[in-house]
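Working through the structure, step by step
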Amino acid sequence: MKRQRLHVAILLPVFLLLAATLVRTSAKTFQNEAIERHQHGCPRPQRTPQSGAGGRISQQQRLVIDEWSNTVPATILSPDKPVLMVASEVRMRYVIHLAETDPLSIVVTPSCRPSAVGEIRWTVVFNETEILGTYNALNHSSFELSCATRGIYHVWVESKGCTAEIYYNTRSLVDLWPMLNRTLSPIKIHQHPRRQQFLVKWEKSKFDIHAMHYCLVVSRDRPQRTLCQALANSAFGSRCGMSTFEILQRMSVEEEKKIPQDVKTTIACTSSRTKQLIKGLKPNTTYFLEVFAIHTHKQNLSYLLGATMIHVNRTRPTQLIEGKLAIGKLSTLGGLALFSFKIPKKSPKNTTLKLMVTPCIGTVNVEIFRKKRQAIKPIIDVYYPRVITIEHAVPGERYQIQITEADEHYRTNRIQIVASTKDEFLNMPQLPDNTTVVEVTQLRTCHATTIAWYSSPDKRKIRYCTYIFKQHTKHQHYSNVKMPSYCELENRDIYQHPQLQQTHCIFSDQANHTEPVPMSMSISNLAPAHYYLIFVTASLGGSGGSLPYRSARVKTHPYCRESPQQPIGSGKSQQLRTGPFAKKQQQQPRGHLKGGASSHHKPLPQERRNNRLKRNRDQDEEEDQR
């Protein structure tokens, strides 16, 4: 018994793998046969409900067709307008012109006298090259195609003493459901971060939601009115004896569909899924997109669920100029920005290319290419102003910078970038390798705090400006208030921001310094137990553009000590003995009193309250660090 279970456990995965392989192979074979039938006609015979087999004509049938065409006059039929064939007309030829692929229904209704034994024999021929069906009728008979290819259809009728009424129509099952026109669904298109890829989404059908499958049609020449028309214009065709639902069922379902360049209409069926990724779109081309809903329980019932059109733009990179700040919009190309910079031909061989990349908000990835090959490894997750260096740049060569969104859920609208091959940026300061702005927690009080950063290594005179924005606390919420980004600091409207509390600017002469030195600034007039967002920017004395440091988030103490507020610092460069730049100072023991009083005494009620608040503050700091 155990051996049998073991054999079953081994053979079952093999059987499932073979079954999946056969399904994929049959789907591919069907697609190849469909393409062949579309290009070379329909080699398979087609069977009709009331007749024998039709199909490709023989040489003898070819002679019969030529005889009918030469001897029997043609009568043009109009849709839904019956034509009466009298008993004296023994042989008649009726012509139907289909301008578009539509459902086709031809009805012949004979009427014979009771005393006469008559018979009606009629045949349907397509384009005088293919016999679609032959009928012997004593009463009402019809010929139907769910999707009749556009062309000319001939109806031959032979009568033996009977009259007959002949007419046709191009109505489909959708005409029986007039409310389907009110179930349209909007189509949403999201451009993928990679170029020429689009994610198409739509809503489910409101009509028989659990029984509907969907097909996306992408066309270059014109929109497709019906699914029959789309099938006829695609590589599958629609006149080879299969129903529409049978053709769609045998199509393979792909999550990613590549649009061929040589086919004007492409069909991608998604089963019950309501999204499809398409790729391979041609730049500078307009595409028409239609989504059709197909009923799985009612054959040949399909209707247009939604339609739209898109124009694929060519992704031309923005040309960067030496030392000039450029702004790129990632939303234009769906999360992608392209830049290009050419190294001057007169540059020395050991030229270094420096790029200053600043995402206004969010996180981006940076890739740099030279001759379609990566110049350096991709820079992942850039969420603050960062300098990227490329050593040994080739003079005269062009470098392409590709910046993409790293997180699709947190949109990045704009990006700032500046390129330079010199030691100093033109009209812009140099930033240190470490652009972090930190808070000196040992100097934090309830009304003031101290921040520190490294100075610029630039030898020119630098102007530093700080912007302090008040953030909400756990018990406060400011509706419709958006915190500023790095790119908004130079905008004059920043001074009208409702959460801007203070701005301070100081100058620093770096002529006597060869390396970056720590700088500090004390900020007072703050509210207790509040969070603040602080930005620091550097500029060349107010001329030219400014570059931002990394932003810092600080919090004031929830309680106040009995000490005066610290004034705003002068901003002069000084060596800090506290914070991240040096060792921590020894703190005063708890309970230290003024005037040299002993610390071994019973705490006062106010002092006990302060100690309790301090313990709560320490716990908040530990939570913030976590």
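Rules and cut-offs
Residues numbered from 1 in each chain as written. Predicted model: local features only at pLDDT ≥ 70, side-chain atom pairs only at ≥ 80, totals over all residues. Heavy atoms only, no water. Helix = DSSP H or I, 4+ residues; strand = E, 2+ residues; numbered from the N terminus. Buried < 20%, exposed > 50% of the residue type's maximum accessible area, 1.4 Å probe, protein only. Contact = heavy atoms within 4.5 Å. Areas by Shrake-Rupley, 256 points an atom, 1.4 Å probe, with all protein chains shown as cover. Pairing = 2+ DSSP bridges. Polar contact = N/O pair within 3.5 Å; in protein donor to acceptor, adjacent residues only side chain to side chain. Disulfide = S-S within 2.5 Å. Salt bridge = Lys/Arg side-chain N within 4 Å of Asp/Glu carboxyl O. Phe/Tyr/Trp six-rings, centres within 6.5 Å; stacked < 30°, edge-to-face > 60°. Lys NZ or Arg CZ within 6 Å of the ring centre and 35° of its normal. Axes fitted to C-alpha atoms, helices over the stretch in contact; angles between N-to-C directions. Core = buried A, V, L, I, M, F, W, Y, C linked by side-chain atoms within 4.5 Å. pLDDT = per-residue confidence, 0-100.

**So, the overall build of the chain**
Helices and strands together make up the secondary structure of the chain, namely 5 helices and 36 strands. Per-residue burial for the chain yields a buried fraction of 44% across its 626 residues. Considering only contacts in the chain between residues 6 or more positions apart, those separated by 24 or more positions represent 73%. Split by element, the accessible area of the chain, about 35400 Å² in all, is 50% carbon and sulfur.

**Here we look at the sheet that holds strand β33 (residues 518–523)**
Across the sheet, 3 strands lie side by side as β29-β30-β33; this open sheet has antiparallel pairing. Two strands lie at the open edges of the sheet, namely β29 (438–439) and β33, each paired on one side alone. Sheet topology places strand β30 (residues 449–454) next to β33; 6 bridges connect them, and they run antiparallel. If you follow Tyr454 over to β33, its bridge partner there is Pro518.

**A few points about the side chain of Gln502**
Along the polypeptide, Gln502 turns up in strand β32 (residues 500–509). For Gln502, a relative accessible area of 11% corresponds to the buried category. In this structure the side chain of Gln502 is engaged in a polar contact, spanning 2.7 Å, whose partner is the backbone oxygen of Ser524.

**Some words on the state of the cysteines**
With the rule as written, the count across this model stands at 4 disulfides. Residue Cys360 pairs covalently with Cys487 via a disulfide, S to S 1.7 Å. Its S-S torsion of approximately -90 degrees makes the covalent link between Cys360 and Cys487 left-handed. On the criterion of sequence distance, the pair formed by Cys360 in the loop between β22 (351–359) and β23 (364–370) and Cys487 in the loop between β31 (461–470) and β32 is long-range, its members being 127 residues apart. Exposure class is identical for Cys360 and Cys487. Each is buried. Here Cys446 engages in a disulfide with Cys560; their sulfurs sit 2.2 Å apart. Between Cys446 and Cys560, the disulfide has an S-S torsion of 115 degrees and is therefore right-handed.

**Quick look at unusual backbone geometry**
With phi around 50 degrees, Asp208 is a residue other than glycine that occupies positive phi space. The residue Asp208 is located in the loop between β12 (197–201) and β13 (212–219) in this model. We note that Ser271 has phi near 60 degrees; this positive angle belongs to a residue other than glycine. Note that Ser271 resides in strand β15 (residues 265–271). Owing to a relative accessible area of 27%, Ser271 belongs among the partly exposed residues under this scheme.

**Some thoughts on the pattern of salt bridges**
Under the criterion given, the structure shown has 9 salt bridges. Across the pair Arg150 and Glu100 runs a salt bridge, and its minimum N-O distance is 4.0 Å. Pair noted here: Arg150 is in the loop between β8 (141–148) and β9 (151–159) and Glu100 is in the loop between β4 (91–98) and β5 (102–111), with a separation of 50 residues, a long-range link. Given a relative accessible area of 34%, Arg150 falls into the partly exposed group.

**Brief notes about the environment of Ala211**
Following the sequence through the fold, Ala211 ends up in the loop between β12 and β13. Note on Ala211: relative accessible area 7%, which makes it buried. Taking C-alpha positions, Ala211 is 9.7 Å from Ala293, a pair spaced 82 residues apart along the chain. When neighbours within four sequence positions are excluded, Ala211 is seen to be in contact with Ile294, His295, Thr296 and His297.

**Digging into the packing of aromatic side chains**
In this description, a pair of aromatic rings is defined by centroid distance and the angle of the planes. In the structure shown here, the tally under the stated rule is 9 aromatic pairs. Note on Trp68 and Trp156: the rings are 5.1 Å apart at their centroids and 10 degrees apart in plane angle, and the pair reads as stacked. Of this pair, Trp68 sits in helix α2 (residues 59–71) while Trp156 sits in strand β9, placing them 88 residues apart in sequence. With respect to burial, Trp68 and Trp156 carry one shared label: buried. Consider the rings of Phe469 and Phe535, whose centres lie 6.0 Å apart with planes at 85 degrees: the pair is edge-to-face. Taken together, the residues span a long stretch of sequence, with Phe469 in strand β31 and Phe535 in strand β34 (residues 531–540) at a distance of 66 residues. An aromatic cluster is defined as three or more aromatic residues linked by ring pairs; in this entry it consists of Trp122, Tyr135 and Phe143. Across the ring face of Phe507, the terminal group of Lys461 is positioned such that the distance to the ring centre comes to 5.2 Å.

**A look at the sheet that holds strand β28 (residues 414–420)**
One open sheet accounts for 4 strands, arranged β20-β28-β22-β26; its pairing is antiparallel. Bordering the open sheet on either side are β20 (326–329) and β26 (386–393), each of which pairs with just one other strand. Neighbour to neighbour, the strand axes of the sheet diverge by 25 degrees on average, direction disregarded. Bridge analysis of β22 against β28 gives 6 bridges, and the strand direction is antiparallel. Considered in β28, the bridge of Leu355 is made with Ala419.

**Details of the pairing of β30**
Regular strands place their side chains on alternate faces of the sheet. Across the 6 residues that make up β30, a large majority, 5, are buried. The pairing of β29 with β30 spans 2 bridges and is classified as antiparallel. Paired with Glu439 across the two strands is Ile451, which belongs to β30.

**Thoughts on the nonpolar core**
Ranked by internal contacts, the top residues of the largest apolar core, which has 26 residues, are Tyr94, Ile106, Trp122, Phe143, Tyr153, Val157 and Ile166. Going through the elements one at a time, β4, β5, β6 (120–126), β7 (130–137), β8, β9 and β10 (163–169) are the ones with two or more residues in this core. Each residue touching Tyr153, except ones within four places of it in the same chain, is listed here: Tyr94, Val95, Ile96, Leu98, Leu104, Val124, Val125, Phe126, Leu132, Leu145 and Ala148. Ranked by size, the runner-up nonpolar core spans 25 residues in total, among them Ile462, Ile506, Leu547 and Tyr549.

**Structural notes on the confidence of the model for the chain**
Regions with low pLDDT should not have their predicted coordinates read in detail. In the predicted model, the chain carries a mean pLDDT of 75, and the fraction of residues at 70 or more is 70%. Across residues 18–54 the pLDDT falls below 50, and counting only partners more than four positions away or on other chains, this stretch makes 58 contacts in the model. Segment residues 564–603: pLDDT under 50, and 59 contacts once partners within four positions in sequence are set aside and those in other chains are kept.

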